[in-house]
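Breakdown of the fold
Letter by letter, the chains look like this.
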Amino acid sequence: MSTTVAFEKARAEGRAALVGYLPAGYPSVDGSITAIRAMVEAGVDAVEIGLPYSDPLIDGPVIQSAVDAALKAGTTTTDVLRVVEAVAATGAPAVVMSYWNPLDRYGAAAFARDLAAAGGSGVITPDLTPDADDSWIPAAREHGLDTVFLVAPSSTDERIAMTTSACRGFVYATSVMGVTGTRAQVGDAAAGLVARTKATTDLPVAVGLGVSNGAQAAEIAAFADGVVAGSAFVRRLLEATDLAAGVASVAELAADLAGGVRAR
Amino acid sequence: MDTRPDPGHVLSADRADRPGRFGPYGGRYVPEALIAALDELDREYTAAKQDPAFTSELDHLLTTYTGRPTPVTEAARFGAEAAGGARVLLKREDLNHTGSHKINNVLGQALLTKRIGKPRVIAETGAGQHGVATATAAALMGLECVIYMGEEDTRRQALNVARMRLLGATVVPVTTGSRTLKDAINEALRDWVTNVATTNYVFGTVAGPHPFPTLVRDLQRIIGVEARQQVLDLTGRLPDAVAACVGGGSNAIGIFHAFVDDPDVALYGFEAGGDGVATGRHAATITAGSPGVLHGARSYLLQDDMGQTIESHSISAGLDYPGVGPEHAWLKDTGRATYEPVDDADAMEAFRLLCRTEGIIPAIESSHALAGARRLGERLGPDATILVNLSGRGDKDVDTAAKWFGLMDESGEVAP
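So, a few notes on the structure that sits alongside this text. Being a predicted model, the structure only gives us computed values, none of them experimental.

1. Some details on the overall build of chain A
For chain A, the count of helices and strands is 12 helices and 9 strands. Taken over the C-alpha trace, chain A has a radius of gyration of 16 Å; the compact-globule value for 264 residues is 18 Å, and the two agree within 12%. Taking the principal axes of the C-alpha coordinates as reference, chain A spans close to 45 × 40 × 30 Å. Looking at chain A residue by residue over its 264 residues, the buried ones come to 62%. The contacts of chain A with a sequence gap of at least 6 include a subset with a gap of at least 24, amounting to 72%. Counting only carbon and sulfur atoms, one obtains 53% of the accessible surface of chain A, whose full area is about 8,900 Å².

2. Some words on the pattern of salt bridges
Going through the model one piece at a time under the given rule, you end up with 44 salt bridges over all chains. Each member of the salt-bridge network shares a partner with another, and the members are Lys-9, Glu-13, Arg-15 and Asp-45 of chain A.

3. Quick notes on unusual backbone geometry
Backbone torsion omega between Tyr-26 of chain A and Pro-27 of chain A reads 0°, so that peptide bond is classified as cis. Among the secondary structure elements, Pro-27 of chain A is positioned in the loop between β1 (17-23) and α2 (29-41). The linkage connecting His-210 of chain B with the following residue, Pro-211 of chain B, adopts the cis geometry, with an omega of 15°. As for its position among the elements, Pro-211 of chain B is in the loop between β8 (199-201) and α9 (212-220). The residue Leu-209 of chain A is not glycine, and still its phi comes out positive at about 90°. Position of Leu-209 of chain A relative to the elements: it lies in the loop between β8 (205-208) and α10 (214-221).

4. Some words on empty space enclosed by the protein
Residues and elements named next belong to chain B. Tallied over the entire structure, the rule returns 6 cavities of 30 Å³ or more. Quantified by volume, the largest cavity comes out at close to 340 Å³. As for the largest cavity, its lining consists of 29 residues, and the residues nearest its centre are His-101, Lys-102, Ser-250, Gly-318 and Glu-365. Elements with a contribution of two residues or more to the lining of the largest cavity: β5 (120-125), α5 (129-141), α8 (181-195), α11 (250-256) and α15 (364-380). Of the residues in the lining of the largest cavity, the class split is 7 nonpolar, 18 polar and 4 charged.

Conventions used here
- For every chain, the first residue of the written sequence is number 1, and numbering continues from 1 along that sequence.
- For naming, the first written chain is A and the first written ligand is 1, with later ones following in the order written.
- The predicted nature of this model means local features are confined to residues of pLDDT at least 70 and side-chain atom pairs, given and counted, to a pLDDT of 80 or more, with totals for whole chains, interfaces and linings taken over all residues.
- Side-chain metrics in this entry use all non-hydrogen atoms of the structure; hydrogen atoms and water are not considered.
- To qualify as a helix, a DSSP run of H or I must reach at least 4 residues; to qualify as a strand, a run of E must reach at least 2; elements of each kind are numbered from the N terminus.
- Here the globule rule reads 2.2 Å times residues to the power 0.38, and the radius of gyration is calculated from C-alpha atoms.
- Burial status follows relative accessibility: with a 1.4 Å probe on protein chains alone, a residue under 20% of its type maximum counts as buried, one over 50% as exposed, and anything between as partly exposed.
- Between two residues, a contact is recorded if the distance between any of their heavy atoms is within 4.5 Å.
- Shrake-Rupley sampling with a 1.4 Å probe provides the accessible areas, and residues are treated as covered by the protein chains on show and by no other component.
- What counts as a salt bridge is simple: a side-chain nitrogen of Lys or Arg found within 4 Å of a carboxyl oxygen of Asp or Glu.
- A pocket here means an open set of points on a 1 Å grid, computed over the protein atoms alone, that has protein on both sides within 12 Å along at least five of seven lines. A cavity is instead a set of points where a 1.4 Å probe fits but cannot get out; residues with an atom within 4 Å of a point line either one.
- Grid points are joined across faces, edges and corners, and a volume is the space filled by probe spheres set on the points.
- For this scheme, ten residues count as nonpolar: Ala, Val, Leu, Ile, Met, Phe, Trp, Tyr, Cys and Pro. Four count as charged, namely Asp, Glu, Lys and Arg, and the remainder, Gly too, count as polar.

Next comes the structure, spelled out in structure tokens:
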């Protein structure tokens, strides 16, 4: 099931879709499944499941510390697929967010096959642009997976067009120049970038990087088809005293953000 | 029949239909946010290298500021007593301003930064040599400078931290991951993606996304260009072998490049074997690693079955890196260069021998090449001529060496 389904449902309701990120394996594999399910029940339309990586160069300290802990606990690519399977069973589209090397090592074709078998919708590749490598797009197409690539405020119009033509599912627009992490301001660059992106494609455009509350979600929902929140969810888990408190806190944030994308 | 790729194709990156590829290696695996800056750097570099104003300014600095050309020194006692009687010639990059070959690259990239019009430079550093060189060039050209250095390395190389601060740079200790060079590169890339509008990343080695492997190689080529002519002038012929240490691989590519089309000159890269490759505690990326993507390029790297980077280990902070430049990966696969590990103990023995036989204190990094030259001397015999890239001097390593040889006790006091 393509992620597009979640965006179409939101559009039919006259609102933006809410996309929530959490890494697989934090605080444990089962704990991450519990937290992600709670996020979905509280109003997240689609889920990004982070595949932990040793060198996450576009992630800020919050996500770094969670994925470090997940790796130290021994989280494997197979565990990530198990999380995908459990989340997909909720009916919410589940995409994997992964740096390229773990997928390259697993084998692009094998990963596409196994992700599709687990019910996953696709992959967001933060350090793989469509022109970087020949192996991923054909493998994903063969298994009907979404290929979600990033556009950035620094992207030229020409590169935006190249990128969106390779995207399936949706386009991920990074609101600011920088790494993941919550911000007081989500950036004036975001609206302009979304406009430039929408000029090249009919795919939904979701905005990520920096969103931490319902007010910011509402601000972005005014010009984008989707709002992505990541570090803010991870922080809820990191700061919780135990899993139950963390899951409750994640659900509370999801509800706040879900209200934000519905505010008009 | 020899089915290996034509060695002349090895250095065809500039001509390739996919820029920055060395066979299957190299490329650009980075966030989209950095593509514009990499394109800008590539474009400006391509224009600059054809601009006489740029090349003459760089040549002028290399002569009057760095002290080029660096000499070739005949290490007669070292050859006779420590390298099987072979004729050992040292390319003296240790005599450069700031003490290593790193300045060759940095002056070029700092001039490029000025040309692009950005006021701030950042860099990663392991041993501190690239950080010191970058801080030096930044001071010379009036650029703001921030150096990322693993916390573990700031401890091992405290003297170089002080040098960078004296030169006006901000040194940021990196406390994530293994707290060494790999993590310093991650932090520098995070800074760059955030501040790319004002900042140029002065990358220190021939790794990273295109155009860095080509750019840094071109700026280090001068080592081999000079050395090839110097050896011809001195001996009347080309050397039988060229030896260099390989971490990321910039000094090795720098000296190899001029000899790639000389089929009778064997090229040897010596990687850091740490406690021994069999122990798993090493930085012998080509010897014991496998192809994958790290820090924006496809090359060999130390990784586990999941594609997670494995932390490297070496007594030498400058070689303590789990990746290697993509051109080395291709030189390895084509068979044009040979890569072997040298463990900590062998490197330190070569360090000691060069001190005692030649009155030269080498960097521990370069001591890996010296240990390799000893091995080659035994293998090739007394008729052989071996050119060694002495990439840096050992002033920064005196503390580490004094502890290794028991000249100081644990508290840092001189042993009786």
